[in-house]
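Here are the chains, one letter per residue:
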Amino acid sequence: MIAPLEEQTDAVHVLISPEERASGQISKQNLEQAVVALSENGVVILDNAVSEESLDLLNPRMVEEAKVLREGSSTWFNYDAKAQNILQHMIPDPEYLLPDVHANPFAVAVCKTMMGPNPVLRYHKANTNFPGESRQPVHSDVHYEHPRACFSLAVNIVLIDCSPENGSTECWPGTHTTTKFSDQNGMKGIHQHLLDERVGTHGPPIQPTVKKGGVIIRDMRLWHAGMPNRTADQVRVMLNLIFFADWYRCPMTIQFPKSAEAKIRELEKQGGIQIAAEFVDDLDHRTLAHTHDFGQDDKREEFGRWHHKVPPAKAN
C-alpha cells in the first residue's frame with residue numbers, strides 16, 4: 001500500500017520580483033523553484049508576472065464579447081451548459097497582442113526549460129466563467145496516447161483576482177506523471193475509482209487562489225476541472241495560451257488578421273518562441289469554430305480527433 005503523502009492545500013507560488021519584472025528575466029532560483037514544482041506537481045503559479053495595464057486593456061473587451069457569446073446558438077460551453085463556463089477566442093488584433101501576455105518572459109523561460117528551445121504557441125483562447133453552481137468532471141486535456149514527457153504547457157492568465165469563490169481551476173497535483181488515455185471515460189472524465197484511489201493515496205485536489213497578474217502554468221496531462229463561479233455577478237476570464245515542444249508534431253494553427261503579421265513576428269523575436277500563425281483576410285474571431293486537436297501525426301485516439309462546433313451559416 002502506498003503511504004499517504006503530506007496533504008497539499010495550494011499550488012507552489014513563485015513570486016516574480018520588481019527587479020525581475022524590470023529586466024524581463026527570471027532569476028535562476030525562481031526558475032529552479034518553478035521547474036521543480038511543475039515536474040513534481042504538474043502546476044505552478046508565477047505571481048506578479050503580468051502588468052495590470054495589459055490585463056485592464058484585455059478584460060473589458062473580453063467580458064463584453066463573452067456576454068454576447070453566451071447567448072449565441074453556437075457558443076461552446078465547456079462540458080456542460082449548466083457549468084456556465086464558455087470558450088472564446090482571444091482578440092487577434094495587433095493592439096491586443098501584448099508581449100507580457102503572449103510572450104511572457106517568465107512563463108516562456110519555464111516552457112523552454114521544461115520542453116526545450118523554440119516552444120510553439122498553437123492555442124490562443126480563454127475560458128470564461130459566469131456565475132453558476134455546476135462543475136466540470138475531472139479530466140485531462142490529453143485525450144489520446146501521449147509521450148511520457150512534458151510536451152505541452154498551458155499558460156493561464158487571470159484578468160482579475162481568482163479564487164475558489166469565482167471558480168479557480170481544481171487541480172490534482174502529480175497526476176501528470178502517471179495518467180494515460182484509458183484513465184478517461186470520454187466526456188465523462190476520469191473514472192471515479194481512479195479519483196477515489198488518488199484521494200486515498202495523495203489527499204484531495206487543490207483549488208488555488210491567484211492574484212491579478214499571476215500566471216498559472218499547467219502540464220497538459222494534469223487532471224483538473226472547471227469549478228463553479230459562486231459570485232453574484234462577476235465574470236471571470238482566464239486566458240489559455242498553450243505552448244508545445246518544438247519536437248511535438250501538433251497540426252493546430254491560430255488565425256490572425258493579416259494586419260497582425262508584423263506584431264506576431266515581433267513577439268516571436270522578443271520571446272524566442274514560434275507562433276503557429278495563419279494570416280487571413282476579413283477575420284472575425286467571434287465567429288470562428290473551436291477545434292481541439294492536441295495530438296500529433298496519426299497517434300490521436302477517436303476522442304482526440306477534430307471535435308468542434310461550427311457557427312450556423314449566415315442567411316443570404
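Residues numbered from 1 in each chain as written. Predicted model: local features only at pLDDT ≥ 70, side-chain atom pairs only at ≥ 80, totals over all residues. Heavy atoms only, no water.

- An unreviewed UniProt entry lists the protein under the name Phytanoyl-CoA dioxygenase, from Exophiala spinifera.

**Digging into the environment of Gln 207**
Right, so step 1: Residue placement: Gln 207 occurs in the loop between helix 6 (192-202) and strand 8 (215-219).
Right, so step 2: The exposure class assigned to Gln 207 is partly exposed, which follows from its relative accessible area of 23%.
Right, so step 3: Taking the C-alpha atoms as reference points, Gln 207 and Trp 172, separated by 35 residues in sequence, lie 9.0 Å from one another.
Right, so step 4: Not counting chain neighbours up to four residues away, the residues in contact with Gln 207 comprise Pro 164, Gly 167, Ser 168, Thr 169, Glu 170 and Met 227.
Right, so step 5: There is a polar contact of 2.9 Å between the side chain of Gln 207 and the backbone oxygen of Ser 168. (Helix = DSSP H or I, 4+ residues; strand = E, 2+ residues; numbered from the N terminus. Buried < 20%, exposed > 50% of the residue type's maximum accessible area, 1.4 Å probe, protein only. Contact = heavy atoms within 4.5 Å. Polar contact = N/O pair within 3.5 Å; in protein donor to acceptor, adjacent residues only side chain to side chain.)

**Concerning the side chain of Thr 175**
Right, so step 1: Position of Thr 175 relative to the elements: it lies in the loop between strand 7 (170-171) and helix 6.
Right, so step 2: Thr 175 sits in the buried class, given a relative accessible area of 1%.
Right, so step 3: Side-chain polar atoms of Thr 175 contact the backbone nitrogen of Trp 223, separated by 3.0 Å.
Right, so step 4: Setting aside anything within four residues of it in sequence, one finds Thr 175 in contact with Arg 198, Arg 221, Leu 222 and Trp 223.

**Overview of the packing of aromatic side chains**
Right, so step 1: Overall, the coordinates contain five aromatic pairs when judged by the stated rule.
Right, so step 2: Consider the rings of Trp 247 and Tyr 248, whose centres lie 6.2 Å apart with planes at 75 degrees: the pair is edge-to-face.
Right, so step 3: A residue is classified by how much of its surface remains accessible, and Tyr 248, at 2% relative accessible area, is buried.
Right, so step 4: Aromatic pair Phe 256 and Phe 279: ring centres 6.4 Å apart, planes at 40 degrees, arrangement tilted. Within this pair, whereas Phe 256 is found in strand 11 (residues 254-257), its partner Phe 279 is found in strand 13 (residues 277-280), the two being separated by 23 residues in sequence.
Right, so step 5: Classification of Phe 279 by relative accessible area gives buried; the value is 17%.
Right, so step 6: One aromatic cluster is present, formed by Phe 151, Phe 244, Trp 247 and Tyr 248 through successive ring pairs. (Phe/Tyr/Trp six-rings, centres within 6.5 Å; stacked < 30°, edge-to-face > 60°.)

**Some words on the nonpolar core**
Right, so step 1: Residues Leu 46, Met 62, Val 101, Ile 157, Val 215, Ile 217 and Leu 239 are the most contacted members of the largest nonpolar core, which totals 71 residues.
Right, so step 2: Tallying contributions element by element places helix 5 (residues 105-115) first for this core, with eight residues.
Right, so step 3: Apart from residues lying up to four places away in sequence, Val 101 is in contact with Val 50, Ser 54, Leu 58, Met 90, Ile 157, Leu 239 and Leu 241.
Right, so step 4: Counting 11 residues, the second-largest nonpolar core is a separate cluster that includes Ala 11, Ile 45, Ile 206 and Ile 216. (Core = buried A, V, L, I, M, F, W, Y, C linked by side-chain atoms within 4.5 Å.)

**A few points about the pattern of salt bridges**
Right, so step 1: This model, assessed by the stated rule, comprises 14 salt bridges.
Right, so step 2: When the shortest N-O distance is used, the salt bridge between Glu 170 and Arg 135 registers 3.0 Å. Linking Glu 170 in strand 7 with Arg 135 in the loop between strand 5 (120-129) and strand 6 (152-158), this pair joins segments that are 35 residues apart in sequence.
Right, so step 3: Classification of Glu 170 by relative accessible area gives buried; the value is 7%.
Right, so step 4: With relative accessibility at 36%, the residue Arg 135 sits in the partly exposed group.
Right, so step 5: As a salt-bridge pair, Arg 221 and Asp 219 come within 2.8 Å of each other at their nearest N and O atoms.
Right, so step 6: Here the salt bridges do not stand alone but share partners, grouping Glu 52, Asp 56 and Lys 212 into one network. (Salt bridge = Lys/Arg side-chain N within 4 Å of Asp/Glu carboxyl O.)

**What about unusual backbone geometry?**
Right, so step 1: Phi is positive for Asn 118, which is not a glycine, with a value near 60 degrees.
Right, so step 2: Summarising the element assignment, Asn 118 is placed in the loop between helix 5 and strand 5.
Right, so step 3: You can call Asn 118 partly exposed: its relative accessible area is 36%.
Right, so step 4: With a phi angle near 50 degrees, Asp 282 is a residue other than glycine that sits in the positive phi range.
Right, so step 5: Looking at where Asp 282 falls in the secondary structure, it is placed in the segment after strand 13.
Right, so step 6: Asp 282 gets classed as exposed once you look at its relative accessible area, which sits at 80%.

**Brief notes about the environment of Pro 131**
Right, so step 1: Secondary-structure assignment places Pro 131 in the loop between strand 5 and strand 6.
Right, so step 2: Pro 131 sits in the partly exposed class, given a relative accessible area of 23%.
Right, so step 3: When the C-alpha atoms of Pro 131 and Glu 165 are compared, they prove to be 9.9 Å apart, with 34 residues separating the residues in sequence.
Right, so step 4: The contacts of Pro 131, once residues within four sequence positions are left out, are Gln 84, Asn 229, Thr 231, Ala 232, Asp 233 and Gln 234.

**Concerning the packing of helix 2 (residues 28-41) against helix 5**
Right, so step 1: At a minimum axis distance of 10 Å, the contact between helix 2 and helix 5 shows a crossing angle of 55 degrees. Taken together, the axis directions place helix 2 and helix 5 in an arrangement best described as oblique. Both helix 2 and helix 5 take part in a crossing whose hand is right-handed. Residues Leu 31, Ala 34, Val 35, Leu 38 and Ser 39 of helix 2 form the contact with helix 5, whose participating residues are Ala 109, Val 110, Thr 113 and Met 114. (Axes fitted to C-alpha atoms, helices over the stretch in contact; angles between N-to-C directions. Parallel < 35°, antiparallel > 145°, perpendicular 65-115°, else oblique. Left-handed = near helix turned anticlockwise from the far one by under 90°.)

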